[in-house]
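What follows is each chain in one-letter form.
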Amino acid sequence: MPHSQITMKDIAKALGVSVATVSRALADNPSISEKRRKTIQEYAKEHNFVSNVLAESLRHSKARSQKIIGVIVPEIVHYFFSTVISGIEEEASNRGYSIIVAQSKEQFDREVKICDGFIRSRVCGVIVSQAKNTKQYDHFIRIINNEMPLVFFDRICTGVNASRVVIDDYHGAFTATKYLIDTGCKRIAFCGSSLHLEIVKNRMNGYKDALRLHDMDINNDYILECDSRELAEQMIPELMQSENRPDAFFCINDDTAVGVIHVVKRLGFKIPEDVSICGFTNCERALACDPMLTTMDQRGNEIGHQAANILINKVEGITPLNRVEKQIVRTNLVVRGTTRDMMP
C-alpha cells in the first residue's frame with residue numbers, strides 16, 4: 001500500500017537529533033561525525049527518504065504546486081512513442097499541465113535513474129513504457145510509495161499493480177494473422193521480441209490462436225526474435241532460402257516489416273504474389289515503402305490521451321489514487337499493397 005514520504009523532520013524525531021543535523025548528514029557534511037552520518041543515512045535509505053530539492057524551491061518561491069507530468073519512453077524517435085507523447089501533451093495542455101519527456105534507450109539502469117530523478121523533482125505523476133530488459137521493478141514501486149500516480153502504456157509491468165493503457169495486442173495479432181490466412185497464406189512467420197514483455201506474449205498468442213482456428217500447424221522455425229529492421233536483414237535471408245520458406249510474415253512492428261520487404265525483394269520474390277507482409281504500428285514508413293505496407297493501426301495518440309487523463313484524474317482527486325484503471329484501445333487493420341486481396 002502507498003505510504004507518505006518521510007521528511008527530514010521525521011528522521012530527526014526518530015533519531016533524537018536536529019533537522020539541521022539530518023540535513024548536514026544527508027549532504028555528507030564532515031562537520032557531522034562519520035558514525036552519526038552513517039546512522040542517519042542508513043535510516044533514510046531504509047525508509048525510502050527522497051530529498052525534495054524542488055519542493056524547497058517551490059516553498060521559497062511561494063508556488064502552489066507542480067503541474068508537471070514525467071513521461072518515460074524507450075525511444076523518442078520511434079513513430080509510435082512520438083504519437084503517444086503527442087497525445088499525452090495534448091491532453092495535459094488542455095487541462096493546464098506540462099510534461100517532461102525522458103527516454104530510457106531500452107536501458108534498465110537509465111530507466112531507474114530517470115524514475116529516481118522524477119521522484120526527487122516531485123513531478124505530479126509518471127507515465128511510462130518500460131525498457132525491453134527491465135525485469136526488476138523497485139524503481140516503479142518507489143514512485144507508488146511516494147504517492148505519485150503511475151500509469152503504464154504499451155509495455156506494461158505485470159509485477160506492479162498500477163493503472164495501464166494498452167492496445168488489444170491479442171486481438172490485433174489474431175486479426176492480422178487471420179487476414180493473411182484468409183488471403184491464401186499457408187506458412188506464416190512471426191517476427192517478435194523477448195517473451196518477458198507482455199505485449200509480445202499477447203501478440204504471439206493471437207498469432208498462434210489464429211493458426212489453430214484454421215487447423216494450421218505451429219512451426220517453431222517460423223517464430224523469430226526479430227524486432228528491428230537490422231535484425232530482419234540479418235535473419236530473414238536464411239529463412240527465405242530454406243526449403244520450406246514462409247509465404248507470409250506478421251511482424252511486431254512496421255520497422256521490422258520494412259526490413260522484411262527489403263530482404264524479400266532483394267532475393268527476387270514478388271510482394272504480395274510470393275510473400276505477404278503485415279506490420280504493426282501504421283507509421284509514416286508504412287506509406288513510404290514499395291509496395292505500401294499492410295499494418296495494424298496502433299492508435300498511439302489515443303493511448304496518450306487516455307494515459308494522461310487517467311493520471312490527471314488521480315492527481316486532482318477525481319478518482320482515488322489507489323484505484324487501478326485498465327483501458328484497452330482497439331486496433332484497426334489497414335490493408336495496403338503488401339498483402340493479397342481476400343479470396344472469394
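This section reports on the structure supplied with the text. (Residues numbered from 1 in each chain as written. Predicted model: local features only at pLDDT ≥ 70, side-chain atom pairs only at ≥ 80, totals over all residues. Heavy atoms only, no water.)

## Focus on the overall build of the protein chain
On a plain count of helices and strands, the protein chain comes out with 13 helices and 12 strands. Summarising its shape, the C-alpha atoms of the protein chain cover approximately 80 × 40 × 35 Å along the three principal directions. The proportion of buried residues among the 344 residues of the protein chain is 50%. Restricting to contacts in the protein chain with at least 6 residues of sequence separation, those with at least 24 account for 72%. Here the protein chain displays about 16600 Å² of accessible surface, and carbon together with sulfur accounts for 47% of that area. (Helix = DSSP H or I, 4+ residues; strand = E, 2+ residues; numbered from the N terminus. Buried < 20%, exposed > 50% of the residue type's maximum accessible area, 1.4 Å probe, protein only. Contact = heavy atoms within 4.5 Å. Areas by Shrake-Rupley, 256 points an atom, 1.4 Å probe, with all protein chains shown as cover.)

## Structural notes on the packing of helix H8 (residues 169–182) against helix H9 (residues 198–213)
Close contact between H8 and H9 brings their axes to 7 Å; oriented N to C, the two are set at 35°. In the packing of H8 onto H9, the handedness of the crossing is right-handed. On H9, the residues touching Asp169, Tyr170, Ala173, Phe174, Thr177, Lys178 and Ile181 of H8 are Ile199, Asn202, Arg203, Asn205, Gly206, Tyr207, Asp209, Ala210, Leu211 and Leu213. Across the contact of H8 with H9, the residue classes break down as nine nonpolar, four polar and four charged. (Axes fitted to C-alpha atoms, helices over the stretch in contact; angles between N-to-C directions. Left-handed = near helix turned anticlockwise from the far one by under 90°. Nonpolar A, V, L, I, M, F, W, Y, C, P; charged D, E, K, R; others polar.)

## Overview of the nonpolar core
Counting 64 residues, the largest nonpolar core has Ile69, Ile127, Ile236, Phe249 and Val260 as its most contacted members. Residues contacting Val260, with those up to four places away along its chain left out, are Cys191, Ala232, Ile236, Phe249, Cys251 and Ile277. (Core = buried A, V, L, I, M, F, W, Y, C linked by side-chain atoms within 4.5 Å.)

## Here we look at the sheet that holds strand E2 (residues 98–103)
The six strands lie next to each other as E2-E1-E3-E4-E5-E11, forming an open sheet whose pairing is parallel. The two strands at the open ends of the sheet, each matched to only one other strand, are E2 and strand E11 (326–329). Neighbour to neighbour, the strand axes of the sheet diverge by 15° on average, direction disregarded. Judged from the four bridges that link them, strand E5 (residues 163–167) and E11 form a sheet pairing that is parallel. When the sheet's bridge partners are listed, Val165 is paired in E11 with Gln327. Packing of helix H13 (residues 300–315) onto the sheet brings it into contact with strand E1 (68–73), strand E3 (125–128), strand E4 (150–153), E5 and E11, and relative to E5 it is tilted by some 170°. (Pairing = 2+ DSSP bridges.)

## Let's talk about helix H7 (residues 138–145)
All buried positions along H7 are accounted for by His139, Phe140, Ile143, Ile144 and Asn145. The positive-phi residue at the C-terminal boundary of H7 is Glu147, with phi of around 55°.

## Section: helix H10 (residues 229–240)
Along its 12 residues, H10 runs 16 Å from first to last C-alpha, staying within 8% of the 16 Å computed at 1.5 Å per residue. What H10 keeps buried is the set Ala232, Ile236, Pro237, Leu239 and Met240. All buried residues of H10 fall inside an arc of 160° around its axis, so they share one side. Exposed and oriented more than 90 degrees from the buried face of H10 are Glu230, Gln234 and Glu238. (Expected span 1.5 Å × (residues − 1). Arc of directions from axis to C-beta.)

## As for the state of the cysteines
For the structure on display, the rule yields zero disulfides. Of all cysteine sulfurs, the one in Cys115 lies closest to Cys124, which takes part in no disulfide; the gap is 15 Å. With a relative accessible area of 12%, Cys124 lands in the buried category. (Disulfide = S-S within 2.5 Å.)

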